[in-house]
Amino acid sequence: MNEHNVTTLNEFVIKKQNDFPYAKGELTRLLSHIGIASKIVHREVNKAGLVDILGEMGTVNPTGEDQKKLDVFANDQFIGALKASAECCGIASEENQDIVTFDNDLARDGKYIVTIDPLDGSSNIDVNVSIGTIFAIYRRISKIGHKAQEEDFLQEGTRQVAAGYVIYGSSTMMVYTTGRGVNGFTLDPSIGEFCLSHPKIQTPTNGKIYSINEGNYVKFPTGVKKYLKYCQEKDSETNRPFTSRYIGSLVADFHRNLLKGGIYIYPETENNPNGKLRLLYECNPIAFIAEQAGGKASDGNGNRILDLKPTSLHQRVPFFVGPRSMVDKAEEFMNSKGEM
Ligand code: AMP
Ligand code: P6P
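Near ligand 2 there are 13 residues, and of these Asp120, Tyr246, Leu250, Tyr264 and Tyr266 occur at the shortest range. The side chain of aspartate 120 places a nitrogen or oxygen atom 2.4 Å from an oxygen atom of ligand 2. In the model, an oxygen atom of ligand 2 is placed 2.8 Å from a nitrogen or oxygen of the leucine 250 main chain. Per-class residue counts for the shell around ligand 2 are 5 nonpolar, 4 polar and 4 charged.

Here is the structure:
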């Protein structure tokens, strides 16, 4: 706390480091570098409409999605900041087919790796809808002093040291956890600092919002169709019908649901048998935050997201995340037999 009675992100992170007497400040440095890159991306996102940084780059990312200029800019910013931190030996990014290893003496000694979606929901950039950065931090398992290996990035989500997202919306916020609760920081552009605005976030136990792309209804599994009808039926005892809210930007949809109480579902469909969202840099970090805020995240078939053993960098999984009671109810329908 300072004379302005605000706690900045850096002050908060350093304070939390003091809970670990043996800590050398390496995680602290990593988190503060992520904060710096987020502020630089915030600046560009907020003037995207004014400079020639909108529109397609003409290239595609590893999952075949058009790469917009801001995507590439954000990726470059985070890769640069993580390399400069000298605490990270490599990253796995949505924008890169393979892992990016930082092969210099300082970084090779870094004990952390980062998985990142530098600008998720970027198809919304040109229409001024909120977008976000999603990241997760793990301790490397390969030998320190050598290049990062793919095995470092294919760890279960339970091994995350930290996870967070930045939402570039009506205000820019960073929300993150290191396994001891979830805290949210709002960027105050007048001082260029993320300031603690949402301490100890706990998601409401009974939400009233469901978020899913209902345009895919005919391709949904029967259990999802049944759950949607359940959400839409009138029942005063369980506060139904629920409200449908879907922005089409995971960070924006999840952030609203985290604060207000709601379930987000991206299930498998006929076209996408494993759903659309990527395990390493979308589902695992969001799942870690959701659980730390008292919620639940599963693949809809009884498998906890954080327990899944990744097999590839850009692996997709079906994603059900929200208040425990809502995810449990959705899974109940997913497990029920019979047709619609
Ligand atoms: P370090 O030596 O800085 O890498 O810290 C060692 C471990 O202490 C980290 O992997 C975390 O588990 C914990 N830790 C250190 N700094 C922080 C922090 N700022 N916030 C939360 N946990 C921390
Ligand atoms: P659909 C954005 O491309 C994204 O990965 C998430 O941010 C978002 O929730 C989802 O895809 C939207 O997908 O198929 O509904 O447009």
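Tracing the chain through its elements places threonine 28 in helix 2 (residues 26–46). When neighbours within four sequence positions are excluded, threonine 28 is seen to be in contact with Val13, Ile14 and Gln17.

The next point concerns a positive patch on the surface. On the surface, a cluster of positive charge is made up of Lys15, Lys16, Arg180 and Lys200. As for its position among the elements, lysine 16 is in helix 1 (residues 9–17). The class of lysine 16 is partly exposed, set by a relative accessible area of 33%.

Next up on the list: the side chain of lysine 226. Checked against the element boundaries, lysine 226 lands in helix 5 (residues 222–232). Side-chain polar atoms of lysine 226 contact the side chain of serine 336, separated by 3.4 Å.

One open sheet accounts for 5 strands, arranged 12-11-13-15-14; its pairing is mixed. Strands at the two margins of the open sheet, each flanked by one partner only, are strand 12 (243–244) and strand 14 (295–298). Bridge count between strand 13 (residues 262–266) and strand 15 (residues 319–323): 3 bridges; the pairing is antiparallel. Residue pairing for strand 15: tyrosine 264 is matched across the bridge by valine 321.

Let's shift gears to the packing of helix 1 against helix 2. Two numbers describe how helix 1 lies on helix 2: the axes approach to 10 Å, and their chain directions differ by 165°. On the basis of their axis angle, the class for helix 1 and helix 2 is roughly antiparallel. Note that helix 1 runs across helix 2; the crossing there is right-handed. Every residue of helix 2 that contacts helix 1 at Leu9, Asn10, Val13, Ile14 and Gln17 is listed here: Thr28, Leu31, Ser32 and Gly35. Across the contact of helix 1 with helix 2, the residue classes break down as 4 nonpolar, 5 polar and no charged.

What counts and how
Residues numbered from 1 in each chain as written. Chains lettered and ligands numbered in written order. Predicted model: local features only at pLDDT ≥ 70, side-chain atom pairs only at ≥ 80, totals over all residues. Heavy atoms only, no water. Near = heavy atom within 4 Å. Polar contact = N/O pair within 3.5 Å; in protein donor to acceptor, adjacent residues only side chain to side chain. Nonpolar A, V, L, I, M, F, W, Y, C, P; charged D, E, K, R; others polar. Helix = DSSP H or I, 4+ residues; strand = E, 2+ residues; numbered from the N terminus. Contact = heavy atoms within 4.5 Å. Patch = residues over 30% accessible without salt bridge, like charges linked within 9 Å, V, L, I, M, F, W, Y side chains within 5 Å. Areas by Shrake-Rupley, 256 points an atom, 1.4 Å probe, with all protein chains shown as cover. Salt bridge = Lys/Arg side-chain N within 4 Å of Asp/Glu carboxyl O. Lys, Arg positive; Asp, Glu negative; His and termini not counted. Charge placed at Lys NZ, Arg CZ, Asp CG, Glu CD. Buried < 20%, exposed > 50% of the residue type's maximum accessible area, 1.4 Å probe, protein only. Pairing = 2+ DSSP bridges. Axes fitted to C-alpha atoms, helices over the stretch in contact; angles between N-to-C directions. Parallel < 35°, antiparallel > 145°, perpendicular 65-115°, else oblique. Left-handed = near helix turned anticlockwise from the far one by under 90°.

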